[in-house]
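Given next are the chains, with one letter for each unit.
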Amino acid sequence: MKKDIILAGVGGQGILTIATLLGHAALARGWQLKQAEVHGMSQRGGDVQSHLRLSDSPIHSDLITMGKADMILSVEPMEALRYLPYLAADGWIIANSKPFKNIPNYPDEEAIYAEIKAIKNHKLFDADAIAEEIKARRSMNIVVLGAAITELGFGYEEIANSIQAIFKSKGESIVEANIRALEAGMKIK
Amino acid sequence: MEKLMLLGDEALAQGALDAGVSGFYGYPGTPSTEIIEYVQKSRQAIEAGVHRTWSSNEKTATESAIGMSYAGKRAIVTMKHVGLNVAADPFMNSAMTGANGGLIITVADDPSMHSSQNEQDSRYFGHFSMMPVLEPSNQQECYDMAFYGFELSEKYQMPVMIRLTTRLSHSRSGVSRRNPLPQNELKLPKDPVQYVLLPAIARRKYKKLIELQKDFMAESLASPFNEYMLEAPDTSKGIITTGLGYNYLREVYRDTPIPHPVIKVCQYPPPIAKIHEMYDKCDSLYILEEGMPVLEEMLKGGNFKGTKPIHGRLDGTLSREGELNPNKVAKALGLPDSYGKDIPEIVAGRPPALCVGCPHADSYLALNEAMKDYEKGHVFSDIGCYTLGFLPPYSAINSCVDMGASITMAKGAADSGLFPAVAVIGDSTFTHSGITGLLDCLYDKSNVVIVILDNSTTGMTGGQDYTAFGKLEKICAGLGVEPEHIRTFVPFKKNFDEMVQIFREEIAYEGVSVVIPIRECVQTLKRKHKQEAK
Ligand SMILES: Cc1ncc(C[n+]2csc(CCOP(=O)(O)OP(=O)(O)O)c2C)c(N)n1
Ligand code: SF4
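Treat the numbers as computed from the prediction; the structure is a model and nothing was measured.

A. Spatial organisation of the site of ligand 1. Residues and elements named next belong to chain B. Surrounding ligand 1, one finds 26 residues, the nearest of these being E58, H360, D427, T429 and G459. One nitrogen or oxygen atom from the side chain of D427 is found 2.6 Å from an oxygen atom belonging to ligand 1. Here T429 contributes a side-chain N or O atom positioned 2.5 Å from an oxygen atom of ligand 1. Relative to its unbound accessible surface of 590 Å², ligand 1 loses 98% to contact with the protein. More than half of the atoms of ligand 1 fall within 2 Å of the grid points belonging to the second largest pocket. Where the shell around ligand 1 is concerned, the elements lending two or more residues are α5 (81-86) and α17 (427-433). No other element matches the 4 residues that α17 contributes to the shell around ligand 1.

Below you can see the structure in the form of C-alpha cells.
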C-alpha cells in the first residue's frame, strides 16, 4: 500500500499540520514516510506545497512522480489546480472552496470551481464556514483533512489519536476543537 | 535505538551531535538554516555546551570552525551555496592547512533556485579545493555521514565537505541513531607549522594535498556510500547517479530490479576505476546528477578516450538546469513517463509578498514618495524580505545581486556621477557584509544614502538573531558617519510625512547618510508573543 498526497495552500495556511497528523497516523501503523516541505521565500504568502508519501514498503523518492498522486488535498481552491499535473487519472481532489485572495488578479471563483468539478473524484466545500459553524475557526485545515481520510483509507480513531498526541501540549480545548473539525470534515460528501 | 522523524538538515545536525561535535558555526540561508536551528533547540546540545550561535557571515563562521578544529575539537560550519562564495577564501585554504579536530564544511545547494539567486553546484568548489566531498542521498545518510565525515577528516587531517540539496534538506523521514561519541579534548596540532601558509610551507602542504588524492580516491572506491551494482543483464546502458539521483532512478523502476548496471556516487573524488569498469562493459553511460554536470564534465574531460556516448545534462538528455525528479529521469532513460492534466490557464501565479503590516512596506512607500522627483533606477537593494519591494505595488528597487552589494553598488554608481544613489539593505545583511562597504563610502566621502532596515531580525530565513543586533547606530557612528546624518524613524503610516522629509533631507546632503527605519518584523514579534505565552 502506498499513498502519495500533494498538500497545497498558501504560506501560513497550515498544510504542514495536516502532514504531521497523517504522518503520525501512518507511523503508528508501522508505515514509512517521506515528506518534502517548502521552506524559505514562498512562505511569505506565496504558493506552498508538500509532497507527502506514505507506504508500507520502502519509499525512494522524496518527490511524487507527476501523474501518480493519489490525492491533492488543498486548503485553497486555486492552489488545488496548480498541482493537476501530479494527479493520477483516478486520483482525488479534496479542496476548501474559500479563496485566499492576496493577489490582484485572482481568477473568477466559479471558473475555478468548474475546473475542480471537472475532475471525476472531488470534494469541494467551504471549510472556513464549517470551521466557523462548529466554533473551531482555526481548525479549517483539519476540516479539510477530515474530508480526505476515508479516501486515504484512514479511520476516525487513527486520526483522532494523532490529534490527541500532536495537540496535547496545547491544551484540552484545542484538542477538542480539532476533533470537532475532524468529525465535521468526515461528514462532507 | 529510537527512530526520529527528521528533515535532512536535522538528521545531519543530530548526527554531528552524536558524533561528538563541539561547535556549529554558520550564517542562515535556505536550505541550510534548519541545521543550526535544530541544534539551538536541542537539549543534548545545550547540556553538552555545544557552540550553536549564529556568526556574522559565512567567512567568519568558517574561520571560527577552522579555529575550533585547530584546538583539536570537532567543528562543523553550515551555509547555503552562495554563502560558500563568501567563505571561499578560508574554505580553499583550509584544504591547504588541513584539519586537527574533525572539520566538516556543510553547504546546502538550491537547484531550481527555490529561494536563491543562482543554482551553483558546490561540488565544483569541493573538486577545486581537492578535499573529499560527501553527498547524502537520504536522511539516514545525512546522519551517518556526520560520523563518517569526522572520521575521514581526522584520519587524513583534512576538512571534508558535505553537500546537501533542497529536496533532501527539507524533506523528512525516519532516521536511526547510534551510540553517541564523546567530544574531543583540547589538543593543539602536532605540527607547529601546520596552519602557517607562508609560501615555502604552503608549497610543501600543496604537495602533500596532491599526494593525498590517491588516498581520497581509494576511500571513495571503498566508501560505504558508493555502490557498484555492475552485474545486470542489459548493458546497452550503464547508469551513474549522484546524490538524490539514485532515489529517482529507483522510483522510476518502482519495485522491479533495474535491468542496467548502476553506480551510486555519494562520495568524491568519483570512483573512477569503477566507472571505467562500467564504461568497458556498457554501450553507453547515462549520468543522473542532482545539480550541474560536475561528474559528466569530469568524465568527458579526459577520463575516457573511447567513443561510446556519455549522456547527461551536457547533451540535453537531461535539462541543463533545474533539479531532478522522477519524471525527468524516466524520460532521460527512454522509459514511459506519466503526467496528470495541464494546469488550467486561469490559475494565476502567487508570488511571495511582504506580510501585512511589515515595516518594510511603510519604509518603501515613504522612500518612493521622496524619490518621485527623480527618474527610476536609483535604488540599489540587497537580499532579504525587503527584496520583495521590487514587486508591485512598491516597485521600489532596482537591484539584488549578492549580500552587501547594495551599498557598494550605490557607491560605484555615485562615484560615476549618478545622483541620487540610494542603498536599501536589511539589518542582518548590513551585519553580514555591509559594514565594510560603508567604510569604503566614508573613505571616499561618496554621495550615497544608505537605508538600513532595522526589523530586529533576519526575516527572510525565518527570524534568526544577528550579531550587530541593537548596535547599528553605534556601529555607523563608530565607523565615522556624521552623527547628524544618522537618522532614525519608526516606519508607521502615521509617520509618513516625517519619513519622507528625512529621506529628502538626506538625499540633499552631499556625503554619506544613513537612515535607519526601526520597527520589529511582525512575524518575529508574533513568535515572541507566542513563546512568552508558553
Ligand atoms: C551569502 C548569502 N548568505 C545567505 C543568504 C540567505 N539570505 C538571504 S536574505 C537573508 C537575510 C536577510 O535578513 P535581513 O537583511 O535582516 O532582511 P529581512 O529579511 O529581515 O528583511 C539571508 C540570510 C544569501 N542569499 N546569501
Ligand atoms: S517576515 Fe517580517 S520582515 Fe519579512 S515580510 Fe514578513 S513582516 Fe516583513
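B. Inspection of the sheet that holds strand β9 (residues 238-242) of chain B at higher detail. Read from one edge to the other, the open sheet built from 5 strands follows the order β8-β10-β9-β12-β13 (chain B), with strand pairing classed as mixed. The sheet terminates laterally at β8 (227-229) and β13 (310-311) of chain B, the two strands that pair on one side only.

C. Spatial organisation of the sheet that holds strand β7 (residues 171-176) of chain B. Strand order in the open sheet formed by 8 strands is β6(A)-β5(A)-β4(A)-β1(A)-β3(A)-β2(A)-β7(B)-β1(B), with mixed pairing between adjacent strands. Of all strands in the sheet, those bounded by a partner on one side alone are β6 (121-125) of chain A together with β1 (3-7) of chain B. Geometrically, the sheet is characterised by an average inter-axis angle of 20° between neighbouring strands, direction not taken into account. Running over the sheet, helix α3 (residues 109-117) of chain A touches β5 (87-96) and β6 of chain A and is turned about 150° from β6 of chain A. Here helix α1 (residues 8-18) of chain B sits on the sheet in contact with β1 and β7 of chain B, set at roughly 125° to β1 of chain B.

D. How the structure looks around the site of ligand 2. Taken together, the residues surrounding ligand 2 are R44 of chain A together with L354, C355, C358, H360, C385, N455, C521, V522 and Q523 of chain B. Those residues lying near ligand 2 are distributed over chains A and B. Grouping the constituent residues of the shell around ligand 2 by class yields 6 nonpolar, 3 polar and 1 charged.

E. Local environment of the domain arrangement of chain B. Residue and element names in this part refer to chain B. Each assigned domain of chain B is listed here: domain 1 (3-216), domain 2 (227-332) and domain 3 (359-525). Counting residues at the interface gives 13 residues for domain 1 and 13 residues for domain 3. Around 940 Å² of area is buried between domain 1 and domain 3 when both sides are counted, 53% of it from carbon and sulfur atoms. A per-residue breakdown of the area domain 1 buries against domain 3 is headed by Y27, W54 and Q117, which together make up 47% of the total. Summed over the shared surface of domain 1 and domain 3, the result is 0 salt bridges. At the junction of domain 1 and domain 3, the tally comes to 6 residue pairs in polar contact (both at pLDDT 80 or more). Residues of the side of domain 1 that touches domain 3, tallied by class, amount to 4 nonpolar, 7 polar and 2 charged.

F. Inspection of the interface of chain A and chain B at higher detail. Taken residue by residue, the interface counts 44 residues in chain A and 45 residues in chain B. Contact between chain A and chain B buries roughly 4,000 Å² in total, counting both sides, with carbon and sulfur atoms accounting for 55%. When the buried area of chain A at its contact with chain B is split by residue, M41, R44 and H60 of chain A rank highest and sum to 21% of it. Run the count over chain A and chain B and you get 24 residue pairs in polar contact (both at pLDDT 80 or more). Elements with a contribution of two residues or more to the side of chain A that touches chain B: β1 (2-10), β2 (32-36), β3 (47-55), α2 (77-81) and α3 of chain A.

G. Local environment of empty space enclosed by the protein. All names here are of chain B. Taken as a whole, this structure holds 1 cavity of 30 Å³ or more when the rule is applied. If you add up the space inside the largest cavity, you get close to 30 Å³. Lining the largest cavity, in full, are P359, H360, S363, L453, D454, N455, P491, P517, I518 and R519. Class assignment for the residues of the lining of the largest cavity results in 5 nonpolar, 3 polar and 2 charged.

What counts, and at which threshold
Residues numbered from 1 in each chain as written. Chains lettered and ligands numbered in written order. Predicted model: local features only at pLDDT ≥ 70, side-chain atom pairs only at ≥ 80, totals over all residues. Heavy atoms only, no water. Near = heavy atom within 4 Å. Polar contact = N/O pair within 3.5 Å; in protein donor to acceptor, adjacent residues only side chain to side chain. Areas by Shrake-Rupley, 256 points an atom, 1.4 Å probe, with all protein chains shown as cover. 1 Å grid on protein atoms, 1.4 Å probe; cavity = no way out; pocket = protein on both sides within 12 Å on 5 of 7 lines; lining within 4 Å. Sits in = over half its atoms within 2 Å of the grid points. Helix = DSSP H or I, 4+ residues; strand = E, 2+ residues; numbered from the N terminus. Pairing = 2+ DSSP bridges. Axes fitted to C-alpha atoms, helices over the stretch in contact; angles between N-to-C directions. Contact = heavy atoms within 4.5 Å. Nonpolar A, V, L, I, M, F, W, Y, C, P; charged D, E, K, R; others polar. Domains from an automatic or database assignment. Buried area = accessible area lost by both parts, 1.4 Å probe. Salt bridge = Lys/Arg side-chain N within 4 Å of Asp/Glu carboxyl O. Points joined across faces, edges and corners; volume = space filled by probe spheres on them.

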